[in-house]
Amino acid sequence: MFATMGALGLAPTAQAASREPAFRAPSSGDFHLKGKAAAKVVVVGGGIAGLATAYELGKAGYDCTVLEARGRTGGRNFTVRGGDSTTDIHGVKQTARFSDGQYMNAGPGRIPQWMVTLDYCRELGVPIEVFTNVNANAYLYNEKAGMKAPVRYRTAKADVYGYVAELLSKATDKGALDRQITADDQERLLDFLKDFGDIGDTLDYTGSPRRGYRVDPAAAGTPGEELGSVPSASEVFASGVGRYFAFEFEYDQAMLMFQPVGGMDRIPAALTRAIGERRIRTGAAVTEITDTAHGVTVTYTQSGRTRSIEADYCVAALPPNILAKTAHNLGPAVQTALEACKPSSAGKIGLEYRNRWWESDHQIYGGITETDMDLAHIWYPSYGHQGRRGTIIGYYNTGSNADAYAALTPREREARAVAQGVKIHGEKYRTELATSFSHHWRQTPYLEASWHSLSGGPDAPVFAPLNRAAGRVYFAGDYLSYADAWQHGAFTSARKAVTALHTRVLG
Ligand code: PHE
């Protein structure tokens with residue numbers, strides 16, 4: 001009856017619920033039909049791709065061992081809490097002094113609704129909450145463009161949309177679109193623009209309550225006082241604030257977005273539990289991968305000792321720039337492909353404050369302030385609202401901006417980020433600061449990259465050797481996906497490797 005209701009459109013159908021590409025997890029039942037048995041698999045790398053591989057293969061009873069070079073699983077999915085320490089490739093050690101309940105996601109921090117990452121959260125029982133990616137009350141500040149003070153998103157949007165609407169409507173009114181659209185459509189366009197830009201029948205943009213208020217509307221007798229001094233069209237365009245508005249149109253950045261409650265590392269923690277700790281060796285840095293005619297030998301060091309493990313198959317789920325430096329016999333085409341994956345830089349600093357002045361003084365509850373300074377983005381926390389303390393991401397930057405901060409000591413990074421933040425938020429940005437922790441992926445041992453750029457995309461011919469097995473070795477990672485720098489890329493790449501391996505084992 002349910003199926004019939006579905007056909008009539010009265011109930012959701014399986015078709016409506018399922019999205020491409022479909023994935024069917026291996027199951028032990030698959031073997032009964034074929035008379036085959038699950039194989040032994042060594043997974044190199046305990047990041048999201050490696051964990052997802054062991055997790056999915058584990059559903060069919062594969063005997064998986066995960067080798068993770070670092071002291072914990074998760075890879076770039078790293079949540080920093082008080083007491084956590086890192087040592088970078090130059091030997092610089094930091095220990096986080098965050099208070100109880102405060103954390104920063106040093107790697108992934110936001111998840112769009114369409115990504116399979118949320119399906120894994122559901123399956124693994126990881127609770128999620130909204131991550132606020134855009135906030136009308138957050139600021140825009142383009143210092144290099146000559147802005148004297150930060151402006152709220154809502155104000156900038158009202159002004160940019162207002163002037164765009166004015167200019168386009170006047171052009172339409174003067175007949176500039178006569179060849180493009182009919183008179184009827186011009187009327188419809190004008191109606192839309194008047195509404196979109198809040199321009200009156202004169203088609204002049206003269207400001208709008210959408211910009212915000214100096215005195216907010218309140219009880220009778222207090223109608224509110226709008227923000228004054230509307231900038232000219234020239235000033236608005238020269239400020240460059242409009243460049244930030246397309247961000248929220250992106251398929252991977254549009255609201256709503258989500259985060260696990262309590263920190264992004266709830267995902268690798270849940271995967272680690274599901275796989276079983278006994279199957280995961282941390283502190284195990286792989287030194288050699290050898291494909292033999294009948295299996296794979298993986299050599300690694302752990303606690304100063306050299307060990308090796310034999311398996312039927314290997315899934316190499318470590319960063320391509322690290323694998324490129326690891327001894328292997330997978331052939332020159334594999335090596336060329338690995339070397340063609342170019343590592344990128346990104347860094348973040350967490351700034352813990354003694355109070356949540358951005359909420360109480362600025363009415364900003366989450367979201368992102370955008371700047372043209374080298375801190376790039378300031379993220380306000382999407383958790384713990386109206387609590388006592390709070391932790392801001394004081395910079396999230398990439399490329400040369402990240403490299404510039406990485407070259408500084410942790411103290412210098414804090415000083416530079418704070419000096420810039422003061423320009424937006426005033427002295428509390430400095431005086432209320434309790435502690436900070438900075439993290440840079442290009443300088444992180446066993447990763448040495450925030451993500452990778454693959455010229456021509458993962459299906460360019462040079463990368464073909466990584467998209468199939470090299471003997472008994474499969475490759476997985478976000479870099480081999482169209483969602484690089486997203487956990488979704490790691491999960492879907494792992495699923496692809498798992499499906500190929502399982503299909504082969506089933507014969
Ligand atoms: N996923 C990361 C982020 O959201 C990196 C990234 C940024 C990837 C923008 C694609 C686009 O910040």
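Since the model is a prediction, treat every value here as computed from it, not as a measurement.

**Here's the deal with the overall build of the protein chain**
1) Next: Regarding its fold elements, the protein chain presents 16 helices and 27 strands.
2) Next: When burial is assessed residue by residue, the protein chain has 51% of its 507 residues classed as buried.
3) Next: Intrachain contacts of the protein chain at a sequence separation of at least 6 include 69% that bridge at least 24 residues.
4) Next: Surface summary for the protein chain: the accessible area is close to 23000 Å², and the carbon and sulfur share equals 53%.

**Notes on the layout of surface pockets**
1) Next: Computed from the structure, the second largest pocket encloses a volume of approximately 830 Å³.
2) Next: Considering the residues around the second largest pocket, the lining is formed by 30 residues, among which Glu20, Pro21, Val116, Thr492 and Arg495 are closest to the centre.
3) Next: Residue assignment for the lining of the second largest pocket shows that the elements contributing at least two residues are α5 (116-124) and α16 (487-506).
4) Next: When residues of the lining of the second largest pocket are assigned to their parent elements, the largest contribution, six residues, is made by α16.
5) Next: Grouping the amino acids of the lining of the second largest pocket by side-chain chemistry returns 12 nonpolar, seven polar and 11 charged.

**With respect to the pairing of strand β16 (residues 296-302)**
1) Next: Burial runs high along β16: six of the seven residues are buried.
2) Next: Bridge analysis of strand β15 (residues 284-291) against β16 gives seven bridges, and the strand direction is antiparallel. Pairing of Ala284 across the sheet is with Gln302, part of β16.
3) Next: Where β15 folds back on β16, the antiparallel hairpin that results is connected by four residues.
4) Next: One ladder, built from seven bridges, connects β16 with strand β17 (residues 305-311); its direction is antiparallel. Across the sheet, the residue bridging to Thr299 is Ser308, located in β17.
5) Next: Between β16 and the antiparallel strand that follows it, β17, lie two residues; Ser303 among them carries a positive phi value of about 50°.

**Observations regarding empty space enclosed by the protein**
1) Next: If you walk through the whole model with that rule in mind, you get one cavity of 30 Å³ or more.
2) Next: As for the largest cavity, its lining consists of 14 residues, and the residues nearest its centre are Gln259, Trp379, Pro381, Tyr383 and Ile393.
3) Next: A per-class count over the lining of the largest cavity returns eight nonpolar, five polar and one charged.

**Considering the UniProt feature "domain: Amine oxidase" (unreviewed entry) in the protein chain**
1) Next: When the UniProt feature table is mapped onto this chain numbering, "domain: Amine oxidase" (unreviewed entry) sits at residues 48-501.
2) Next: Secondary structure content for residues 48-501 is 29% helix and 24% strand, while the C-alpha to C-alpha distance between its ends is 18 Å.

**Topic: the nonpolar core**
1) Next: Val41, Tyr62, Val80, Ile267, Leu271, Phe491 and Leu501 are the most contacted members of the largest nonpolar core, which totals 61 residues.
2) Next: With eight residues, the single largest contributor to this core is α16.
3) Next: Filtering out sequence-adjacent residues up to four positions away, Phe491 remains in contact with Ile48, Ala52, Val116, Thr117, Tyr120, Ile267 and Leu271.

**Some thoughts on the side chain of Thr172**
1) Next: Looking at where Thr172 falls in the secondary structure, it is placed in helix α6 (residues 153-173).
2) Next: On the basis of relative accessible area, Thr172 is assigned to the buried category, the value being 2%.
3) Next: A polar side-chain atom of Thr172 sits 2.6 Å from the main-chain carbonyl oxygen of Leu168.

**Quick word on the site of the ligand**
1) Next: Lining the immediate environment of the ligand, one finds Arg110, Asp252, Gln253, Tyr396, Trp451, Ala485 and Trp486.
2) Next: Interatomic distance of 3.2 Å between a side-chain N/O atom of Gln253 and an oxygen atom of the ligand.
3) Next: A distance of 2.6 Å separates a nitrogen atom of the ligand from a polar atom in the backbone of Ala485.
4) Next: In isolation the ligand has 310 Å² of accessible area, and contact with the protein removes 71% of it.
5) Next: Its residues assigned to classes, the shell around the ligand comprises four nonpolar, one polar and two charged.

**As for α16**
1) Next: Between the first and last C-alpha of α16 there are 28 Å, a value that for 20 residues agrees with the 28 Å anticipated at 1.5 Å per step.
2) Next: For α16, the tally of buried residues reaches 14 of 20 residues, placing the bulk of the element in the interior.
3) Next: Note on α16: the residue one or two positions beyond its end, Gly507, has a positive phi of about 75°.

**A word on the sheet that holds strand β8 (residues 128-131)**
1) Next: Read from one edge of the open sheet, three strands run β7-β13-β8, paired in antiparallel fashion. The sheet is open, and its two edges are formed by β7 (111-112) and β8, each paired on a single side.
2) Next: In the sheet, β7 pairs with strand β13 (residues 257-260) via two bridges, with the strands oriented antiparallel. Looking at the pairing, Ile111 lines up with Phe258 of β13.

**Here's the deal with the sheet that holds β15**
Across a sheet, strands are paired by hydrogen bonds formed along the backbone, either parallel or antiparallel in direction.
1) Next: Spatial ordering of the open sheet is given by β17-β16-β15-β19, a layout of four strands whose pairing is mixed. The open sheet has two edge strands, β17 and β19 (327-328), and neither has a second partner.

**Focus: the packing of α5 against helix α9 (residues 266-275)**
1) Next: Running from amino to carboxyl end, α5 crosses α9 at an angle of 50°, the nearest separation of the two axes being 10 Å. With respect to α9, the axis of α5 lies oblique. Judged by the twist between their axes, the crossing of α5 over α9 is left-handed. Judged by residue contacts, Thr117, Cys121 and Leu124 of α5 engage Ile267, Ala270, Leu271 and Ala274 from α9.
2) Next: Residue classes in the contact of α5 with α9 are distributed as six nonpolar, one polar and no charged.

Conventions and cut-offs
Residues numbered from 1 in each chain as written. Predicted model: local features only at pLDDT ≥ 70, side-chain atom pairs only at ≥ 80, totals over all residues. Heavy atoms only, no water. Helix = DSSP H or I, 4+ residues; strand = E, 2+ residues; numbered from the N terminus. Buried < 20%, exposed > 50% of the residue type's maximum accessible area, 1.4 Å probe, protein only. Contact = heavy atoms within 4.5 Å. Areas by Shrake-Rupley, 256 points an atom, 1.4 Å probe, with all protein chains shown as cover. 1 Å grid on protein atoms, 1.4 Å probe; cavity = no way out; pocket = protein on both sides within 12 Å on 5 of 7 lines; lining within 4 Å. Points joined across faces, edges and corners; volume = space filled by probe spheres on them. Nonpolar A, V, L, I, M, F, W, Y, C, P; charged D, E, K, R; others polar. Pairing = 2+ DSSP bridges. UniProt positions renumbered as here; feature names shortened; annotations may be inferred. Core = buried A, V, L, I, M, F, W, Y, C linked by side-chain atoms within 4.5 Å. Polar contact = N/O pair within 3.5 Å; in protein donor to acceptor, adjacent residues only side chain to side chain. Near = heavy atom within 4 Å. Expected span 1.5 Å × (residues − 1). Axes fitted to C-alpha atoms, helices over the stretch in contact; angles between N-to-C directions. Parallel < 35°, antiparallel > 145°, perpendicular 65-115°, else oblique. Left-handed = near helix turned anticlockwise from the far one by under 90°.

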